[in-house]
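What follows is each chain in one-letter form.
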Amino acid sequence: MNERLGTTFNKDNILVTHGSQQGLDLSGKVFLDDGDIVPCESPTYLAAISAFKSYGCSFIEIPTDENGMNMEALEEVLNSTENVKLIYVIPTFQNPTGKTWNLERPKKLTELSAKYNVAVVEDNPYNEFRFERETLPSIKSFDTAGNILCTGSFLIFCPGFQIGWITGDKDIIRKYVLVKQGTDLQCNTIAQMTIAEYLKRYDIDKHIRKIVKVYKKRRDITIKCMEHYFPDNIEFTRPEGGLFTWIELPEEISAREILSKCLERKITFVPCGSFFPNRNRENTFRINYSNMPEDRIDLGNCDWNIYGRFYYFSGFIGYLLLAYYLVKYPLNWS
Ligand SMILES: Cc1ncc(COP(=O)(O)O)c(C=O)c1O
C-alpha cells in the first residue's frame, strides 16, 4: 500500500474499517460538531454528505474543474470562514464525476491544510482502477503537518466484503480507534481473515490487472457510444479510471425525468442533483459502466427490444438517448 500511495505508514497509522464509508462516518465523529463547516468539491459523493451531515455540519462547495478543486477559492474560504474543521476530497476518479486531480493541487492542498491547521479527508477507494497513465502519489504523501487522513477499500478484492481502512498520523488514528469502539467494537474478523488468506495465496496485482482490463473495455465502449450518438449539447467526462462517467444535460432538462422514462425499460442511472450539497443541479447524472456487460452497453443489443423502429435505441446508451429526446420533445400520440 505504501508503494501504491507513496506513503510510509506502519501499523500505528492504520485502522481497519467496515469499508471506506465507515472511515468517513468516523471522521465526522472525530472532527465535526453542530455548526461546523466542511469545504468539499462541487459535486461530491452523496453518502459522504449524509455521513457528515448527521454530525450537524454544513458544506461549502468549492468550484472544481478538470484538474480538481480550485485552490484559490478554497483559500478564500479558509481565510474568511470560522469553524472549518474538515476538508473532504476525492482526488482520483471522483464520485460522481470520474475526474482526477493534477499533481499541483494535492501539493497546494497540503500547504493550505498546514497553514490553516485543518484536517483533510482524502477519500481514495478507486485508486487501483486506473486504465491509463501513471498512478499519482496520494495527497497524504505530501503531508508534513500530519493533517491528512486517507481512506481506502478492499473493493479491489471483491465488492461486498466491506473491509477498508483509514490511515493518518498515529495520534489522530488513536482517536479513531476510541470512537470506533463505541460504534462496532471491531470489524468482521472472518472477512478480514478471508482477505488476508487471499493476499497470502494469490497475486492481488494480477487480479487488479484482470479487472482493470474488463472495466477499461466497458469504459471504452460507453465513451465511444456517447461520442457517436449524443447531441453536441450533452457534455460528459472521459475518466482515466474508476467505475463511472458523468453527464451534463442542457440546464432545462431534468435527469430525473429522463430516469423515469428509462425505468419503464429497466434502464437505470444515478441522477446527481443531490450530489451538490447546497443546490440541486438536476441536469446532471452518473452512468456506471462497470456493472454492464459489453453487449448491453452498445446500441442494438438488448433483449427487450420488441419494436423494429426502436432498433437503434435498444442498448443502455441507446435508450438513454431515446429518453432524452422523449423529454426534450414530448410525443403527442393523438
Ligand atoms: C467516493 C467514495 N467513498 C467511499 C465509498 C464507500 O466505499 P466502501 O464500499 O468501501 O464503504 C464509495 C462507494 O461508492 C465512494 O464512491
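Structure first, text after, so check above.
Residues numbered from 1 in each chain as written. Predicted model: local features only at pLDDT ≥ 70, side-chain atom pairs only at ≥ 80, totals over all residues. Heavy atoms only, no water.

(A) Geometry of the overall build of the chain. Looking only at helices and strands, one finds 11 helices and 13 strands in the chain. Its C-alpha atoms give the chain a radius of gyration of 21 Å, near enough to 20 Å, the size a compact globule of 334 residues would have. Summarising its shape, the C-alpha atoms of the chain cover approximately 70 × 55 × 35 Å along the three principal directions. With 334 residues in all, the chain has 52% of them scored as buried. Counted over contacts in the chain with a minimum sequence separation of 6, partners at least 24 positions apart contribute 69%. Summed over its atoms, the accessible surface of the chain is roughly 16,300 Å², and 50% of this surface lies on carbon and sulfur atoms. (Helix = DSSP H or I, 4+ residues; strand = E, 2+ residues; numbered from the N terminus. Rg over C-alpha atoms; globule rule 2.2 N^0.38 Å. Buried < 20%, exposed > 50% of the residue type's maximum accessible area, 1.4 Å probe, protein only. Contact = heavy atoms within 4.5 Å. Areas by Shrake-Rupley, 256 points an atom, 1.4 Å probe, with all protein chains shown as cover.)

(B) A look at the nonpolar core. Ranked by internal contacts, the top residues of the largest apolar core, which has 28 residues, are Phe230, Ile247, Leu249 and Ile258. Contributions of two or more residues to this core are made by α8 (204-229), α9 (255-263), β13 (284-288) and α11 (316-328). Top element by residues in this core is α11. It accounts for nine residues. If we skip the residues at most four places from it in the chain, Ile247 touches Met226, Phe230, Ile234, Glu235, Phe236, Asn283, Thr284, Phe285 and Ile287. (Core = buried A, V, L, I, M, F, W, Y, C linked by side-chain atoms within 4.5 Å.)

(C) Local environment of the side chain of Ser153. Residue position: Ser153 is located in strand β8 (residues 148-153). On the accessibility criterion, Ser153 (10% relative accessible area) is buried. With sequence-adjacent residues up to four places away left out, Ser153 is seen in contact with Ser20, Pro125, Ile163, Gly164 and Trp165.

(D) Representation of the packing of helix α2 (residues 19-31) against helix α3 (residues 46-53) within the structure. The contact between α2 and α3 brings their axes to 8 Å, and the two run at 30°. Between α2 and α3, the angle falls in the class roughly parallel. Between α2 and α3 the crossing geometry is right-handed. Along the contact surface, α2 presents Gln21, Leu24, Asp25, Ser27 and Gly28, while α3 presents Ala47, Ala48, Ala51 and Phe52. (Axes fitted to C-alpha atoms, helices over the stretch in contact; angles between N-to-C directions. Parallel < 35°, antiparallel > 145°, perpendicular 65-115°, else oblique. Left-handed = near helix turned anticlockwise from the far one by under 90°.)

(E) Here's a closer look at the pairing of β8. Within β8, six of the six residues are buried, which leaves it mostly tucked inside the rest of the structure. In this structure, strand β7 (residues 119-123) lies alongside β8, joined through four bridges in parallel fashion. In the strand pairing of β8, Val121 is matched with Leu149. Pairing between β8 and strand β9 (residues 164-167): four bridges, direction antiparallel. Looking at the pairing, Thr151 lines up with Ile166 of β9. (Pairing = 2+ DSSP bridges.)

(F) Structural view of the site of the ligand. In the neighbourhood of the ligand, the contacting residues comprise Gly19, Ser20, Gln21, Tyr45, Ile90, Asn95, Asp123, Pro125, Tyr126, Ser153 and Gln162. Take Asp123: an N or O atom from its side chain is 2.5 Å from a nitrogen atom of the ligand. A distance of 2.5 Å separates an oxygen atom of the ligand from a polar atom in the side chain of Tyr126. The protein chains hide 87% of the 400 Å² of surface that the ligand would expose on its own. Counting atoms within 2 Å of the grid points, the majority share of the ligand lands in the largest pocket. Considering each element in turn, the shell around the ligand owes the most residues, three residues, to α2. A per-class count over the shell around the ligand returns four nonpolar, six polar and one charged. (Near = heavy atom within 4 Å. Polar contact = N/O pair within 3.5 Å; in protein donor to acceptor, adjacent residues only side chain to side chain. 1 Å grid on protein atoms, 1.4 Å probe; cavity = no way out; pocket = protein on both sides within 12 Å on 5 of 7 lines; lining within 4 Å. Sits in = over half its atoms within 2 Å of the grid points. Nonpolar A, V, L, I, M, F, W, Y, C, P; charged D, E, K, R; others polar.)

(G) Region of the structure containing the environment of Thr245. Among the secondary structure elements, Thr245 is positioned in strand β11 (residues 244-248). On the basis of relative accessible area, Thr245 is assigned to the buried category, the value being 0%. Sequence separation of Thr245 and Thr222 is 23 residues, and the distance between their C-alpha atoms is 8.8 Å. For Thr245, the contacting residues outside a window of four places in its chain are Pro96, Thr222, Ile223, Met226, Phe236, Thr237, Pro239, Phe285, Arg286, Ile287 and Tyr289. In this structure the side chain of Thr245 is engaged in a polar contact, spanning 2.7 Å, whose partner is the backbone oxygen of Thr237.

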